[in-house]
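# Topology and contacts: notes
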Amino acid sequence: MPHEHEHDITCQQLLASLGDYVEGEASEQICREIERHIAECENCRVVVDTLNKTIYLYHQSAQSTSVPQGVHGRLMQALKLDYLVTKKG
Amino acid sequence: MDETLTQPISLEALRAGSRSEFARLVEQYYTPIYRLALKMLANEQDAEDVLQNTFLKAMQHLKDFEGRSSLSTWLYRIAANEALMLLRRKRPETSIDAEPQEEEADLPRPELFSDWCCLPEQELLSTESKTQLDFAIQKLPEKLRIVFILRDMEGLSIKETGEALNLTETAIKTRLLRARLALREILSTYYKERIQPEP
Ligand SMILES: [Zn+2]
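Residues numbered from 1 in each chain as written. Chains lettered and ligands numbered in written order. Predicted model: local features only at pLDDT ≥ 70, side-chain atom pairs only at ≥ 80, totals over all residues. Heavy atoms only, no water.

### So, the packing of aromatic side chains
The full count for this structure, using the stated rule, is five aromatic pairs over all chains. An aromatic cluster is built from Trp116, Tyr190 and Tyr191 of chain B, whose rings are joined through pairwise contacts. (Phe/Tyr/Trp six-rings, centres within 6.5 Å; stacked < 30°, edge-to-face > 60°.)

### Quick word on the side chain of Arg184 of chain B
Residue and element names in this part refer to chain B. Note that Arg184 resides in helix H10 (residues 169-195). In this structure Arg184 comes out as buried when scored by relative accessible area, which is 0%. Here Leu112 takes part through its backbone oxygen, which lies 2.7 Å from a polar atom of the side chain of Arg184. One polar contact links Arg184 to Glu185, side chain to side chain, over a distance of 2.8 Å. (Helix = DSSP H or I, 4+ residues; strand = E, 2+ residues; numbered from the N terminus. Buried < 20%, exposed > 50% of the residue type's maximum accessible area, 1.4 Å probe, protein only. Polar contact = N/O pair within 3.5 Å; in protein donor to acceptor, adjacent residues only side chain to side chain.)

### A word on helix H5 (residues 71-90) of chain B
Here H5 of chain B spans 29 Å end to end across 20 residues, near enough to the 28 Å set by a 1.5 Å rise per residue. For H5 of chain B, a buried count of 14 out of 20 residues is recorded, marking the element as mostly surrounded by other parts of the structure. (Expected span 1.5 Å × (residues − 1).)

### Topic: the domain arrangement of chain B
Residue and element names in this part refer to chain B. Domain assignment breaks chain B into domain 1 (3-90) and domain 2 (100-195). Between the C-alpha centres of domain 1 and domain 2 there is a distance of 24 Å. If you look at the interface, domain 1 gives 14 residues, while domain 2 gives 16 residues. Buried area between domain 1 and domain 2, summed over both chains or domains, comes out near 1,400 Å², and the portion from carbon and sulfur atoms is 60%. Counting the surface domain 1 buries against domain 2, the share from its top three residues, Lys39, Met40 and Arg77, is 40%. Summed over the shared surface of domain 1 and domain 2, the number is two salt bridges. Here Lys39 makes a salt bridge to Asp134, at a shortest N to O gap of 3.1 Å. Of all elements in the fold, only helix H3 (19-41) and H5 reach the threshold of two or more residues within the side of domain 1 that touches domain 2. (Domains from an automatic or database assignment. Contact = heavy atoms within 4.5 Å. Buried area = accessible area lost by both parts, 1.4 Å probe. Salt bridge = Lys/Arg side-chain N within 4 Å of Asp/Glu carboxyl O.)

This is the structure:
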(Lines give C-alpha, C1' and ligand atoms only; values in the text may rest on other atoms or scores of the structure.)
Protein backbone atom coordinates (compact mmCIF):
# COMPACT_ATOMS: atom_id res chain seq x y z
CA MET A 1 0.00 0.00 0.00
CA PRO A 2 1.59 3.34 -0.98
CA HIS A 3 1.59 5.96 1.72
CA GLU A 4 1.35 9.72 1.35
CA HIS A 5 3.41 10.84 4.33
CA GLU A 6 7.10 11.43 3.97
CA HIS A 7 7.91 9.62 7.21
CA ASP A 8 5.39 6.86 6.94
CA ILE A 9 6.63 3.51 8.05
CA THR A 10 6.03 0.27 6.21
CA CYS A 11 4.32 -2.79 7.68
CA GLN A 12 7.74 -4.44 8.00
CA GLN A 13 9.16 -1.44 9.89
CA LEU A 14 6.18 -1.49 12.17
CA LEU A 15 6.88 -5.13 12.94
CA ALA A 16 10.46 -4.31 13.90
CA SER A 17 9.34 -1.63 16.38
CA LEU A 18 6.47 -3.66 17.71
CA GLY A 19 8.40 -5.11 20.65
CA ASP A 20 9.23 -1.70 22.09
CA TYR A 21 5.77 -0.40 21.28
CA VAL A 22 4.01 -3.22 23.11
CA GLU A 23 6.39 -2.82 26.06
CA GLY A 24 5.54 0.88 26.18
CA GLU A 25 9.20 1.65 25.52
CA ALA A 26 8.99 3.09 22.02
CA SER A 27 9.92 6.74 21.58
CA GLU A 28 7.16 9.27 21.17
CA GLN A 29 7.99 9.60 17.50
CA ILE A 30 7.81 5.85 16.88
CA CYS A 31 4.52 5.69 18.75
CA ARG A 32 3.09 8.43 16.56
CA GLU A 33 4.29 6.67 13.42
CA ILE A 34 2.83 3.38 14.53
CA GLU A 35 -0.47 4.94 15.48
CA ARG A 36 -0.69 6.75 12.16
CA HIS A 37 0.10 3.52 10.36
CA ILE A 38 -2.49 1.41 12.13
CA ALA A 39 -5.13 4.06 11.61
CA GLU A 40 -4.79 3.34 7.90
CA CYS A 41 -3.64 -0.26 7.78
CA GLU A 42 -6.27 -2.67 9.04
CA ASN A 43 -3.98 -5.71 9.00
CA CYS A 44 -1.39 -4.07 11.23
CA ARG A 45 -4.12 -2.74 13.49
CA VAL A 46 -5.34 -6.31 13.97
CA VAL A 47 -1.80 -7.58 14.56
CA VAL A 48 -1.19 -4.97 17.28
CA ASP A 49 -4.52 -5.62 18.98
CA THR A 50 -4.35 -9.41 18.87
CA LEU A 51 -0.71 -9.35 19.96
CA ASN A 52 -1.64 -7.34 23.04
CA LYS A 53 -4.54 -9.68 23.66
CA THR A 54 -2.28 -12.73 23.34
CA ILE A 55 0.00 -11.39 26.06
CA TYR A 56 -2.95 -10.52 28.25
CA LEU A 57 -4.54 -13.97 27.90
CA TYR A 58 -1.36 -15.80 28.78
CA HIS A 59 -0.82 -13.65 31.80
CA GLN A 60 -4.38 -14.24 32.97
CA SER A 61 -4.22 -17.97 32.41
CA ALA A 62 -0.90 -18.24 34.26
CA GLN A 63 -2.26 -16.38 37.26
CA SER A 64 -5.20 -18.75 37.47
CA THR A 65 -3.00 -21.86 37.34
CA SER A 66 -2.90 -23.43 40.77
CA VAL A 67 -0.59 -25.97 42.33
CA PRO A 68 -2.16 -29.44 42.65
CA GLN A 69 -2.83 -30.78 46.11
CA GLY A 70 0.01 -32.62 47.73
CA VAL A 71 2.76 -30.80 45.85
CA HIS A 72 3.41 -28.36 48.67
CA GLY A 73 3.55 -31.06 51.34
CA ARG A 74 5.93 -33.24 49.34
CA LEU A 75 8.13 -30.22 48.68
CA MET A 76 8.40 -29.44 52.38
CA GLN A 77 9.20 -33.09 53.04
CA ALA A 78 11.93 -33.15 50.42
CA LEU A 79 13.42 -30.05 52.04
CA LYS A 80 13.00 -31.55 55.52
CA LEU A 81 11.01 -28.51 56.49
CA ASP A 82 7.71 -30.29 57.04
CA TYR A 83 8.07 -30.05 60.81
CA LEU A 84 7.76 -26.27 60.42
CA VAL A 85 4.50 -26.36 58.55
CA THR A 86 1.71 -25.54 60.93
CA LYS A 87 -1.02 -26.53 58.57
CA LYS A 88 -1.90 -25.64 55.03
CA GLY A 89 -5.12 -26.34 53.14
CA MET B 1 -0.77 -15.28 60.67
CA ASP B 2 -0.41 -14.40 57.03
CA GLU B 3 1.59 -11.26 57.70
CA THR B 4 4.67 -13.47 58.01
CA LEU B 5 4.22 -14.10 54.31
CA THR B 6 4.36 -10.49 53.27
CA GLN B 7 7.41 -9.42 55.25
CA PRO B 8 10.51 -9.30 53.08
CA ILE B 9 12.77 -12.33 53.29
CA SER B 10 15.90 -11.67 55.30
CA LEU B 11 18.98 -12.67 53.38
CA GLU B 12 20.98 -12.48 56.57
CA ALA B 13 18.73 -14.99 58.30
CA LEU B 14 18.84 -17.26 55.25
CA ARG B 15 22.62 -17.16 55.15
CA ALA B 16 22.79 -17.82 58.86
CA GLY B 17 20.94 -21.06 58.06
CA SER B 18 17.54 -20.18 59.45
CA ARG B 19 15.17 -23.02 58.56
CA SER B 20 12.08 -20.99 59.27
CA GLU B 21 13.29 -18.18 57.03
CA PHE B 22 13.91 -20.70 54.26
CA ALA B 23 10.41 -22.04 54.76
CA ARG B 24 9.11 -18.49 54.28
CA LEU B 25 11.10 -18.24 51.06
CA VAL B 26 9.47 -21.45 49.87
CA GLU B 27 5.99 -20.20 50.80
CA GLN B 28 6.49 -17.01 48.81
CA TYR B 29 7.84 -18.60 45.65
CA TYR B 30 6.74 -22.20 45.30
CA THR B 31 3.64 -21.32 43.27
CA PRO B 32 5.35 -19.23 40.55
CA ILE B 33 8.25 -21.69 40.38
CA TYR B 34 5.89 -24.63 39.97
CA ARG B 35 3.95 -22.73 37.32
CA LEU B 36 7.09 -21.87 35.38
CA ALA B 37 8.08 -25.53 35.37
CA LEU B 38 4.62 -26.75 34.43
CA LYS B 39 4.28 -24.33 31.51
CA MET B 40 7.76 -25.18 30.35
CA LEU B 41 7.42 -28.96 30.60
CA ALA B 42 3.68 -29.58 30.25
CA ASN B 43 3.90 -32.45 32.72
CA GLU B 44 2.91 -32.32 36.37
CA GLN B 45 5.40 -34.89 37.59
CA ASP B 46 8.28 -33.19 35.79
CA ALA B 47 7.16 -29.84 37.14
CA GLU B 48 7.18 -31.21 40.66
CA ASP B 49 10.70 -32.59 40.19
CA VAL B 50 11.90 -29.22 38.96
CA LEU B 51 10.21 -27.50 41.88
CA GLN B 52 11.90 -29.74 44.44
CA ASN B 53 15.29 -29.58 42.77
CA THR B 54 15.09 -25.81 42.55
CA PHE B 55 14.65 -25.36 46.28
CA LEU B 56 17.11 -28.11 47.16
CA LYS B 57 19.72 -26.37 45.03
CA ALA B 58 18.81 -23.01 46.47
CA MET B 59 19.33 -24.42 49.94
CA GLN B 60 22.72 -25.84 48.99
CA HIS B 61 23.96 -22.76 47.17
CA LEU B 62 22.59 -20.01 49.32
CA LYS B 63 26.08 -19.26 50.52
CA ASP B 64 27.14 -18.52 46.93
CA PHE B 65 24.30 -16.11 46.33
CA GLU B 66 25.94 -12.74 45.91
CA GLY B 67 22.88 -10.58 45.84
CA ARG B 68 23.64 -9.10 42.44
CA SER B 69 20.15 -10.02 41.35
CA SER B 70 17.12 -10.31 43.59
CA LEU B 71 16.41 -13.55 45.41
CA SER B 72 13.39 -14.18 43.22
CA THR B 73 15.39 -13.75 40.01
CA TRP B 74 18.00 -16.09 41.41
CA LEU B 75 15.32 -18.72 42.11
CA TYR B 76 13.88 -18.31 38.61
CA ARG B 77 17.36 -18.76 37.24
CA ILE B 78 17.84 -22.05 39.06
CA ALA B 79 14.37 -23.22 38.03
CA ALA B 80 14.89 -22.28 34.38
CA ASN B 81 18.16 -24.22 34.31
CA GLU B 82 16.55 -27.23 35.93
CA ALA B 83 13.67 -27.19 33.46
CA LEU B 84 15.95 -26.83 30.46
CA MET B 85 18.20 -29.64 31.71
CA LEU B 86 15.25 -31.93 32.16
CA LEU B 87 14.04 -31.15 28.65
CA ARG B 88 17.46 -31.91 27.26
CA ARG B 89 17.62 -35.22 29.09
CA LYS B 90 14.23 -36.21 27.74
CA ARG B 91 14.74 -35.11 24.18
CA PRO B 92 15.28 -37.96 21.76
CA GLU B 93 18.80 -37.92 20.34
CA THR B 94 17.46 -37.64 16.82
CA SER B 95 16.22 -34.10 17.35
CA ILE B 96 19.31 -32.74 19.12
CA ASP B 97 19.19 -29.47 17.31
CA ALA B 98 15.80 -29.10 15.80
CA GLU B 99 15.84 -25.42 16.71
CA PRO B 100 17.06 -23.47 13.72
CA GLN B 101 15.87 -19.83 13.76
CA GLU B 102 18.50 -17.28 14.61
CA GLU B 103 18.32 -13.80 15.99
CA GLU B 104 19.63 -12.27 12.77
CA ALA B 105 16.97 -13.78 10.57
CA ASP B 106 14.06 -11.55 9.58
CA LEU B 107 11.05 -11.58 11.80
CA PRO B 108 8.37 -13.87 10.42
CA ARG B 109 5.64 -11.80 8.80
CA PRO B 110 2.18 -12.06 10.30
CA GLU B 111 -0.09 -14.13 8.11
CA LEU B 112 -3.43 -14.20 9.88
CA PHE B 113 -5.48 -11.07 10.28
CA SER B 114 -8.78 -12.04 11.78
CA ASP B 115 -9.73 -9.76 14.62
CA TRP B 116 -10.68 -12.02 17.49
CA CYS B 117 -10.02 -9.41 20.14
CA CYS B 118 -13.65 -8.74 20.89
CA LEU B 119 -14.61 -12.33 21.60
CA PRO B 120 -16.06 -12.43 25.11
CA GLU B 121 -13.57 -13.09 27.87
CA GLN B 122 -15.37 -16.26 28.94
CA GLU B 123 -14.77 -17.63 25.44
CA LEU B 124 -11.16 -16.42 25.27
CA LEU B 125 -10.39 -17.97 28.63
CA SER B 126 -12.69 -20.98 28.63
CA THR B 127 -11.25 -24.26 29.86
CA GLU B 128 -10.89 -25.37 26.26
CA SER B 129 -9.18 -22.12 25.30
CA LYS B 130 -6.73 -22.42 28.18
CA THR B 131 -5.83 -25.90 27.00
CA GLN B 132 -5.14 -24.37 23.58
CA LEU B 133 -2.96 -21.70 25.17
CA ASP B 134 -0.89 -24.37 26.91
CA PHE B 135 -0.72 -26.42 23.75
CA ALA B 136 0.45 -23.42 21.74
CA ILE B 137 3.44 -22.58 23.95
CA GLN B 138 4.62 -26.16 23.63
CA LYS B 139 5.08 -25.46 19.93
CA LEU B 140 7.60 -22.72 20.63
CA PRO B 141 11.29 -23.57 20.55
CA GLU B 142 12.53 -23.93 24.15
CA LYS B 143 14.62 -20.81 24.14
CA LEU B 144 11.69 -18.68 23.07
CA ARG B 145 9.30 -20.48 25.39
CA ILE B 146 11.32 -19.82 28.53
CA VAL B 147 11.62 -16.11 27.73
CA PHE B 148 7.91 -15.80 27.10
CA ILE B 149 6.99 -17.64 30.30
CA LEU B 150 9.25 -15.52 32.50
CA ARG B 151 8.37 -12.18 30.98
CA ASP B 152 4.76 -12.46 29.86
CA MET B 153 3.32 -15.15 32.07
CA GLU B 154 5.21 -14.55 35.30
CA GLY B 155 5.66 -10.83 34.79
CA LEU B 156 9.42 -10.47 35.27
CA SER B 157 10.91 -7.34 33.75
CA ILE B 158 13.08 -7.58 30.63
CA LYS B 159 16.09 -6.94 32.84
CA GLU B 160 15.17 -9.67 35.34
CA THR B 161 14.46 -12.11 32.52
CA GLY B 162 17.90 -11.36 31.13
CA GLU B 163 19.49 -11.95 34.54
CA ALA B 164 17.61 -15.20 35.02
CA LEU B 165 18.69 -16.53 31.63
CA ASN B 166 22.09 -14.93 31.39
CA LEU B 167 21.14 -13.10 28.20
CA THR B 168 21.34 -9.46 27.16
CA GLU B 169 18.23 -7.35 27.18
CA THR B 170 18.46 -7.10 23.40
CA ALA B 171 18.43 -10.88 23.06
CA ILE B 172 15.47 -11.11 25.41
CA LYS B 173 13.53 -8.50 23.42
CA THR B 174 14.19 -10.28 20.14
CA ARG B 175 13.13 -13.68 21.46
CA LEU B 176 10.13 -12.21 23.18
CA LEU B 177 8.83 -10.60 20.01
CA ARG B 178 9.35 -13.83 18.06
CA ALA B 179 7.54 -15.81 20.72
CA ARG B 180 4.65 -13.38 20.89
CA LEU B 181 4.23 -13.22 17.13
CA ALA B 182 4.34 -17.01 16.83
CA LEU B 183 1.74 -17.45 19.55
CA ARG B 184 -0.45 -14.79 17.98
CA GLU B 185 -0.52 -16.81 14.76
CA ILE B 186 -1.39 -20.03 16.55
CA LEU B 187 -4.11 -18.39 18.62
CA SER B 188 -5.49 -16.67 15.53
CA THR B 189 -5.99 -20.04 13.89
CA TYR B 190 -7.89 -21.24 16.92
CA TYR B 191 -9.95 -18.16 17.76
CA LYS B 192 -10.90 -17.21 14.22
CA GLU B 193 -13.07 -20.34 14.11
CA ARG B 194 -14.95 -18.87 17.02
CA ILE B 195 -15.79 -15.64 15.26
CA GLN B 196 -16.53 -17.08 11.83
CA PRO B 197 -18.42 -20.34 12.17
CA GLU B 198 -18.80 -20.67 8.40
CA PRO B 199 -15.91 -20.38 5.93
ZN1 LIG C 1 0.61 -2.21 7.93
